Number of protein chains: 2
Amino acid sequence: MQKLEFGDLQKQCAHFLTHHGPLTARQSLTEILAATGEDERMDVYCAGTMIADFEKEVADLLGKEAAVFMPSGTMAQQIALRIHADQRRGSTVAFHPRCHLENHEDKAYQHLHHLNSVLVGSYHNLLTLADLEKVADPITALLLELPQRNLGSQLPLWDDLNAQVAWARARGAAVHMDGARLWEAQPFYQRPYAEICSMFDSVYVSFYKTLGGISGAMLLGDAAFIRQARLWMHRHGGQIIHQFPALLSARLGLRTRLPRIPDYVQRNLEIAHLLTQFDKISSIPRPPHTNMMHLALRGDRQKLEDAAYQIAIEKGIFSFYALGDTTLPDWHLWEFVTGDATLKLSLKEVEAFFAELLERAA
Amino acid sequence: MQKLEFGDLQKQCAHFLTHHGPLTARQSLTEILAATGEDERMDVYCAGTMIADFEKEVADLLGKEAAVFMPSGTMAQQIALRIHADQRRGSTVAFHPRCHLENHEDKAYQHLHHLNSVLVGSYHNLLTLADLEKVADPITALLLELPQRNLGSQLPLWDDLNAQVAWARARGAAVHMDGARLWEAQPFYQRPYAEICSMFDSVYVSFYKTLGGISGAMLLGDAAFIRQARLWMHRHGGQIIHQFPALLSARLGLRTRLPRIPDYVQRNLEIAHLLTQFDKISSIPRPPHTNMMHLALRGDRQKLEDAAYQIAIEKGIFSFYALGDTTLPDWHLWEFVTGDATLKLSLKEVEAFFAELLERAA
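Residues numbered from 1 in each chain as written. Chains lettered and ligands numbered in written order. Predicted model: local features only at pLDDT ≥ 70, side-chain atom pairs only at ≥ 80, totals over all residues. Heavy atoms only, no water.

Peer 1: Tell me what's going on with the UniProt feature "domain: Aromatic amino acid beta-eliminating lyase/threonine aldolase" (unreviewed entry) in chain A, and back it up with residues and numbers.
Peer 2: In the numbering adopted here, UniProt assigns the feature "domain: Aromatic amino acid beta-eliminating lyase/threonine aldolase" (unreviewed entry) to residues 43–292 of chain A. Secondary structure content for residues 43–292 of chain A is 42% helix and 16% strand, while the C-alpha to C-alpha distance between its ends is 33 Å. (UniProt positions renumbered as here; feature names shortened; annotations may be inferred. Helix = DSSP H or I, 4+ residues; strand = E, 2+ residues; numbered from the N terminus.)

What follows is the structure, encoded as C-alpha cells:
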C-alpha cells in the first residue's frame, strides 16, 4: 500500500482523536491576529510591555518572583541546571533516565555546560525516595518532571513529591521542575499551581503542548536566578529581536485553553474507562493522571497502523500514523492526548473507533 | 523636559529618516499573512517544505551546498566557529575587536564552547593583511564581517579580502563570514552573491535587518558542516517546533527588499553627498560603502538629541532618540540606515531636516 504522508493524511481528515486538530500556517496566524490588540507593540530583545506583562502574569499564576520567556524548553532547562550547579560550585545534577535532557537534547548539558548527570530511578517507573537514597554522588540539583511524559504523564503522590524534595533540600541541592506539561497536573493534585510550584527553586513550563501555542517556554524562579537565566539565554542565542508571534500565541493558549484543562482531564478519564472493556488495550497509567495517557495496543503492528490509516481515509477520522515500542513485542504504544479535537467527538464515537480499529486489525 | 519614550515618540511620527518605518504587532502579522499560501503547512522541528524550500533558495543564491535556518545569529556564529575549531582539533579563533562575538554575546564563545580568541586589527579600522601577519597563535578559523557594522558598514576592497582569505587558508584555518548585512555588500563589489561567498567555508546571514523580517538567521556551508550545525543548534535549544512566522517574514523580506538594495545604497550615497555641505556632519566611511553609514554630528549632545526630539514632536519626522560616543567628546554617533522609509522622503526633505537639526542644536 502506497500511503499518503502524515501531513497529507491529516489534511484528508475532518476528525481527530487527539490534540486540538492541525492548523495551516495561515489559520494559526489568523488566530493570533484576532487576539492581538490594535496598538500592541512588538517586543524588542525580550523587552517591552507585551512580554513583561505576560511574564508577570505567569509568574503570579505559578507563585514565582520572576519569569523569562524563552524560545525553547531545551534552552530553559540546561540553563536552570547550569545556574544551580554554578551557585553550588559543582557540576553534578540528578534526573530520571527518561528525562528530556538525557534523551532528546543531544546531551547538550554535557557538551555545552559540562554538567555530569546521575540517573535516578528505573526506566519504567516514577522516581521514588528509595531511588534517591541510593545516590552516593553529591548533587547540586534534582530535576523532577511533573507530569512525566514518557511514563504516560504520570505524577507522584503529593506526599511522595514532598519527601523527594525534602531529600534534595537536606543535601543542599536545588530542585528544578520540568513542568512542560505542568498545566495538566492541577486536577490530579487539586491544589493551586502556586502551591505545586512552591517547593521548587525553578520551574520550566511550555506553551505549545496542551496550551496550543506556536512555540515558546518560560523559566521561573527568584529574581536573582532569572537575572542569570537571561544572561545564559543571551549566550545560547535566545535573546531574539522579536518573539511576538510565539508570545501572542502562548498568551492566547493560556487564556483560552488553561480553563479547559479540567474538561480535557475528565474526558481522558472517561475514555480510559471505556477502553477497559477491550483486553487488547491497556492505558499507562491506569487510570490516567492527566489529559494524556499512553495506550498500549495488542496485535500486529503493521495491521494496527494499516487499520488506523484506512479509517482515516474512509471515514476522515485521524488517530495515529505510527506506533511505538513497548517491552512486549505484541504490544505497541500510542501517546493519547485529549484536547479540543477529542472533545468534539462523543464517547460513543470514540468507542466505535476503537472497536473498529481492533476488528480491522484482527 | 519630560520626554516621551522611544516607542511613544515613534508612534507620533509619520516620517522616518532611517529603516523601513515601525510596524505594530498586528501590522507585521497582517503583512506575513498576506504573503502565505492558502495551504502552506507549518514547519515542524526545522523540517517541512516551507523551511526546506527557503533554505534551498538562499543556499542557491549564495552558492552554498546546504543551509539551516536558525533563531538567531548569536546561535549561528558560535556554532560555526565551534565546528571549524573541532574539525581542526583546536580551540583558537581569530576576529576583529569589534566582532559581534566579542562585544555583544556575553562571551558565549568562551562560556559555552570554550573557544579562545585572537583579536586582530585595530578598534577603529578594518582588519588588514598586515594585522593578520602579526598573529602568532595557530588559529582554526578566521571570522570576517562583511560589511562591518560597527565601522559604519565598511567593506574591504576585493583584492584585500582575497589576500586575507588566502592568509587563513595557507595556515589551515577555515574562513567564516559574518554576513549579517551581506545583502548590502553586493553593489560595492558588483559581483554575484555566490562569488562573494565562494571564498568562505561558512556564511551567516540575517533576515531582520535590511530585509525587514521579524527575526531569524541562516548558516550556510557544505552538507557535512550543516549537518553538524543542526546538531549544535539542537543543543543550543534552537530546534524550535514551529518557526513559520519568522520564516515567512524572512522569505517575504528576501523577495521584496533584496531587489531594492541597490536603490537603498544609491540613496544613501546621495544623502552622504548632500551632507558634505555641513562641516558639523561627517560620514563614516566617506563615502559610504552600503546603504548604511555612521554619521558623526558635532555639537552639544543634549542639544542635538533635544533638537531631534522637537522636530519629531512638531513635524512628525523621526530621526534618532539618542546618540552614541566617538573618540572626540564633541562628536556624537548616529547609525544611519537607508531603507523604505528613507526612500519616501525627497533629498530636499532630508537636507532640510539636517539643516534644521543643526540650527536648532546650535
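That was the structure; now back to the text.
Peer 1: Describe the nonpolar core, listing the residues and the values that go with them.
Peer 2: Formed by 117 residues in total, the largest nonpolar core has its most connected members in Trp-183 of chain A together with Trp-183 of chain B. Here Trp-183 of chain A is in contact with Val-58, Leu-61, Leu-62, Tyr-193, Val-205, Ser-206, Phe-207, Leu-211, Leu-254, Leu-258 and Ile-261 of chain A, once residues within four sequence places are set aside. In terms of nonpolar packing, the next biggest core, distinct from the first, is built from 40 residues, Cys-46 and Phe-225 of chain A together with Ile-79 and Ala-229 of chain B among them. (Core = buried A, V, L, I, M, F, W, Y, C linked by side-chain atoms within 4.5 Å. Buried < 20%, exposed > 50% of the residue type's maximum accessible area, 1.4 Å probe, protein only. Contact = heavy atoms within 4.5 Å.)

Peer 1: Tell me about the sheet that holds strand 9 (residues 281–284) of chain B, and name the residues and values.
Peer 2: All names here are of chain B. One open sheet holds the 4 strands; their spatial order is 9-10-13-12, and the pairing between them is antiparallel. At either end of the open sheet lies a strand with only one pairing partner, and these are strand 9 and strand 12 (324–325). Here strand 10 (residues 292–298) runs beside strand 13 (residues 331–337); their pairing, made up of 7 bridges, is antiparallel. Paired with Leu-297 across the bridge in strand 13 is His-332. Sitting on the sheet, helix 13 (residues 261–275) touches strand 9, strand 10 and strand 13, and the angle it makes with strand 10 is about 20°. (Pairing = 2+ DSSP bridges. Axes fitted to C-alpha atoms, helices over the stretch in contact; angles between N-to-C directions.)

Peer 1: Explain the domain arrangement of chain A to me, using residue names and the numbers behind them.
Peer 2: Residue and element names in this part refer to chain A. Annotation of chain A at the domain level lists domain 1 (6–20 + 259–361) and domain 2 (25–256). A C-alpha centroid distance of 28 Å is found between domain 1 and domain 2. Counting residues at the interface gives 18 residues for domain 1 and 20 residues for domain 2. With both chains or domains summed, domain 1 and domain 2 bury close to 1400 Å², and 59% of this area falls on carbon and sulfur atoms. Applying the counting criterion to the domain 1 and domain 2 interface returns 1 salt bridge. (Domains from an automatic or database assignment. Buried area = accessible area lost by both parts, 1.4 Å probe. Salt bridge = Lys/Arg side-chain N within 4 Å of Asp/Glu carboxyl O.)

Peer 1: Break down the packing of helix 14 (residues 301–315) of chain B against helix 16 (residues 347–361) of chain B for me, with residues and values.
Peer 2: Residue and element names in this part refer to chain B. One can describe the packing of helix 14 onto helix 16 by two numbers: an axis separation of 8 Å at closest approach and a directional angle of 125°. Between helix 14 and helix 16, the angle falls in the class oblique. For the pair helix 14 and helix 16, the crossing hand works out as right-handed. When helix 14 is examined against helix 16, the residues Lys-303, Leu-304, Ala-307, Ala-308, Gln-310, Ile-311, Glu-314 and Lys-315 are found in contact with a partner set consisting of Phe-353, Glu-356, Leu-357, Arg-360 and Ala-361. Residue classes in the contact of helix 14 with helix 16 are distributed as 7 nonpolar, 1 polar and 5 charged. (Parallel < 35°, antiparallel > 145°, perpendicular 65-115°, else oblique. Left-handed = near helix turned anticlockwise from the far one by under 90°. Nonpolar A, V, L, I, M, F, W, Y, C, P; charged D, E, K, R; others polar.)

Peer 1: Give a description of the sheet that holds strand 4 (residues 116–119) of chain A that names residues and reports values.
Peer 2: Within a sheet, neighbouring strands are paired by backbone hydrogen bonds and run either parallel or antiparallel to one another. Residue and element names in this part refer to chain A. Spatially, 2-8-7-6-5-3-4 is the arrangement adopted by the 7 strands of the open sheet, whose pairing is mixed. Among the strands making up the open sheet, the edge pair consists of strand 2 (66–70) and strand 4. Each adjacent strand pair in this sheet contributes to an overall mean axis angle of 20°, direction not counted. Alignment of strand 3 (residues 92–95) against strand 4, held across 4 bridges, turns out to be parallel. Looking at the pairing, Phe-95 lines up with Leu-119 of strand 4.

Peer 1: An account of the pattern of salt bridges is needed here, citing residue identities and associated values.
Peer 2: Within this structure, the stated rule accounts for 47 salt bridges over all chains. With its nearest N and O atoms 2.8 Å apart, the salt bridge here joins Glu-195 of chain A to Arg-191 of chain A. The partly exposed category is assigned to Glu-195 of chain A, whose relative accessible area is 32%. Of the charged contacts in the structure, one is a salt bridge between Asp-306 of chain B and Lys-3 of chain B, with a shortest N-O distance of 3.6 Å. Placement of the pair is Asp-306 of chain B in helix 14 and Lys-3 of chain B in the segment before helix 1 (6–12), with a sequence separation of 303 residues.

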